[in-house]
Amino acid sequence: MRGTTDYDCLVIGTGICGLYQLRRLVDLGVSVLAVDANSDVGGTWFNNRYPGCRFDSESFTYGYSWSPDVLAEWSWSERFAPQAETFRYLSFVADKYALRRHIRFSTRVVAAEWDEDGWLWQVEFDSGESVTARYLLTAMGMLSIPTMPRLEGIDSFEGTALHTFHWPDDLDYRGQRVAVIGTGSTGVQVISTIASEVEQLVVFQLDASWCVPLHNSAIGAEDMDRIRANYEEIFRQCRESPSGFMYRPDRRRTKDVSREERLAFWEKLYAEPGFGIWLGNFRDVLMDEEANSELSDFIAGKIRDRIDDAEVAEILIPKDHGFGTKRVPLEIGYYETYNRGNVELVDLNRTPIERITPKGVLVRDDAGGQEFPFDLIVFATGFDAVTGAYDRIGFRGVDGVSLRDKWSQGPETLLGIATAGFPNLLTVGGPQSGSVASNFPRGIEDAVNWATDFIADLAGRGFARFEATRDAELQWVGHVEEFHGNMLMSRTKSWFNGHNINLDREVPKRPLVYSGGAVRYRRRLQEEAAAGYPSFVISSGLTAELTG
Ligand code: NA7
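The shown structure was predicted, so the numbers you read here are calculated from the model rather than taken from an experiment.

(A) Expanded view of the domain arrangement of the protein. Per the domain assignment, the segments of the protein are domain 1 (7-41 + 99-145 + 384-540), domain 2 (44-93 + 219-240) and domain 3 (160-218 + 250-379). Just the C-alpha atoms count here: the centres of domain 1 and domain 3 sit 33 Å apart. Contacts between domain 1 and domain 3 engage 13 residues on the former and 14 residues on the latter. At the boundary of domain 1 with domain 3, total buried surface from both sides reaches about 990 Å², with 68% on carbon and sulfur atoms. Per-residue buried area on domain 1 facing domain 3 is highest for Leu488, Thr492 and Lys493; these three make up 45% of the total on that side. Asp207 is the salt-bridge partner of Lys493, the closest N and O atoms lying 3.2 Å from each other. Connecting domain 1 to domain 3 are five residue pairs in polar contact (both at pLDDT 80 or more).

(B) Representation of the side chain of Asn502 in the model. On the secondary structure map, Asn502 appears in the loop between helix 17 (470-486) and helix 18 (518-530). When its relative accessible area of 12% is taken as the criterion, Asn502 is described as buried. Among residues more than four places away in sequence, those in contact with Asn502 are Thr147, Met148, Pro149, Arg150 and Thr381.

(C) Layout of the sheet that holds strand 14 (residues 360-363). Reading across from one edge, 13-14-15 is the order of the three strands in this open sheet, with antiparallel pairing throughout. With partners counted over all chains shown, the strands left at the sheet margins are strand 13 (353-356) and strand 15 (370-373), one partner each. Here the strands of the sheet are splayed against their neighbours by 20° on average, with no regard to which way each runs. Both strand 14 and strand 15 contribute to a ladder of four bridges, which runs antiparallel. Across the sheet, Val361 pairs through a bridge with Phe372, a residue of strand 15.

(D) Quick look at the confidence of the model for the protein. When pLDDT is averaged along the protein, the result is 95, and 98% of the positions lie at 70 or above. Across residues 543-548 the pLDDT falls below 50, and counting only partners more than four positions away or on other chains, this stretch makes 13 contacts in the model.

(E) Up close: the environment of Ile417. Mapped onto the elements of the fold, Ile417 is located in the loop between helix 15 (403-406) and strand 18 (425-427). Linking Ile417 and Thr138, residues 279 residues apart in sequence, is a C-alpha distance of 9.3 Å. Setting aside anything within four residues of it in sequence, one finds Ile417 in contact with Leu425, Leu426, Thr427, Val428, Ala447, Trp450, Ala451 and Tyr521.

(F) Structural view of helix 17. Taking 1.5 Å per residue, 17 residues should reach 24 Å; helix 17 reaches 25 Å between its end C-alpha atoms and fits that length. Ala472, Glu473, Trp476, Val477, His479, Val480, Phe483 and His484 are the residues of helix 17 that are buried. Across the axial projection of helix 17, the buried residues extend over an arc of 160°, all falling on one side. Turned more than 90 degrees from where helix 17 packs its buried face, Asp471, Gln475 and Glu482 sit exposed. Contacts from the buried residues of helix 17 go to helix 15 and helix 18.

Parameters at a glance
Residues numbered from 1 in each chain as written. Predicted model: local features only at pLDDT ≥ 70, side-chain atom pairs only at ≥ 80, totals over all residues. Heavy atoms only, no water. Domains from an automatic or database assignment. Contact = heavy atoms within 4.5 Å. Buried area = accessible area lost by both parts, 1.4 Å probe. Salt bridge = Lys/Arg side-chain N within 4 Å of Asp/Glu carboxyl O. Polar contact = N/O pair within 3.5 Å; in protein donor to acceptor, adjacent residues only side chain to side chain. Helix = DSSP H or I, 4+ residues; strand = E, 2+ residues; numbered from the N terminus. Buried < 20%, exposed > 50% of the residue type's maximum accessible area, 1.4 Å probe, protein only. Pairing = 2+ DSSP bridges. Axes fitted to C-alpha atoms, helices over the stretch in contact; angles between N-to-C directions. pLDDT = per-residue confidence, 0-100. Expected span 1.5 Å × (residues − 1). Arc of directions from axis to C-beta.

Structure representation (C-alpha cells):
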C-alpha cells in the first residue's frame, strides 16, 4: 500500500448510477465520498425539468432492482413516470439508505490527477479544494453536458432563452410566443406538452425524428400490486433481453412472413406502449437496409395519417435515416400538435436560421429573410454525449497523459469500465459500456456490481493498484467496433455516434456505445471476474507485481 488517502473511494455523480454505486461502497465498509455539481441527488432527473419530461422506459423496469425494500415500498403512478416523480423516487432511495451524508453537493470536479508515487487520485473541486482517494469512480451520466447552438446574435435576444436542461421551475410560458429549436426526444416532449398552452409555437426542425406513440397509462393501486408481485419475472425478462427492456427482438426476419403478416405485426406494435416497435421488432430491421426501409415506409404512412397538411407531414418524415437507426422519441400526440392553428413548423434545411435577433429568430428564405418574434426561445439542441462529461474534467493518468488527448478520436476502454494508463479509475456506466445503448438502470446495476466486487476483491487480497492492459483494451475496442459496424445506426448522424453540430470537434472515429447487447456485456464482465481479472495488471506495492 502506498500513500495514505482521504478516502478509499470517490464517486463523481449521484444520479441513478452514482447513488447505487455509493450505496454499494458504503455497504462494503470502505470510506467513500460522493460529489455532485447539483444541489441534490438525481442527475438527469434533477436537471431536466422541462414541461413534458418523462420516461419512455417503463417506470417499473427503470427503477432499481437491487433493493427488495424499495421495490416493496415504492409505487409508480404512471407506466411512464414524469420527471418530478422519478426525482422523488431517487430522493426516496437516498433518504432510505441515508446516502446524503456521504455526498458533497454543489461541488464540481475540475481535475483529477493520478499520483504514481502515492498510488492515489488527487481530485480538485471548483471550490479550489482537493481531496485524495485510492479509487475514483465516475458515474457522470451520458447526457449531462448540454450544448447550445452556435448562432450569431444568440446573446442579443431580449426575451428568455434557455436550454431545456436548465428549465427553471417557475418559468411561466403560458400565453407566450415560443420557439422550440430541436426535435429530438426532448424537443418532441416539450412541443407536444406546451403547444396547447402557449399563444404561438414555432418549431425549428433540422432533421426530423421518427417518433412513435408512447401510449402512457396510469398505474392504479391494484396494477401496482400486480407489478410488485411480478417484479422477479419483469427483471428476469429485462436481464435476458439484449436491450435490457422487456422487449426482445422477434426471432423472425422481415421476409420470413408475408407482407400482410408483417403489416399486421407492425400495426400491433404501433398500438402498444413503449419501445416494442423499435426493440421488439423483426430481428433484421435495424441491420438490413431493405427490411428497415419497408418498416420506415410503414411508419411514414402513420405520420401522414395523423397530419392534416400533406406538406407539413413530408417535412416531419425523416429523409436522412431509417426508422430506429437513431434514438426513437416516444410521443404523446406529437404529430397532432401540427394540426393546431397556433403551431408552425420551419424546415431549417430549406430556410436556415440566419441569426438570433433582439426580438426573435431570423431565417433566410427565397424572399430574403423572415423574422419571427418571440418571448421565449427554447433550445432542445442536445448534449455533448457520452464522453462530454469526461472531456470537461482534466483527467491525467500515468506520466501526466490527458484522458481528453487519449480519447480525442473517440473513447478507448476496457469493458467500458476502465482505460489503460489511468489506474484505479472505474468509468461506471461509461463510454462503450453495456448501459449506454440499453435500458440504462439495468446496465448500470451490472457495472456497479462488477466495480464493487472488483474493489472488494482487491482490498481482500491487499492490492492497491490496478490498470487495464493496452492489449485487452484494444481487444475490447475491436469488439465494440465490430458490433457497431453491423448496425445501420453506426451510419447515422446521431448522438450515439458523437455527432453534434454545436461542438467544435470532429465526429469521433470510434464508437461511443456498445451495441453487443446487455446480455453479452454482462457475460463479458462476469468472465473477467471469474478468470481473476486477467485484463488488468494488479499490484500490491508490497510484493512483486502480479498480473491478475
Ligand atoms: P438530441 O436527440 O441530440 O436532439 C437534438 C435536436 O436538436 C435534434 O433535433 C438536432 O437536429 C437539433 N439541433 C441540434 N443543434 C441544432 C442547431 N444548431 N440548430 C437547429 N437544431 C439543432 O437531444 P435530445 O435532448 O432531444 O435527446 C437526448 C436524449 O435524451 C434522448 O435521445 C433520450 O435518450 C433522452 P439534428 O438531429 O442534429 O438534425
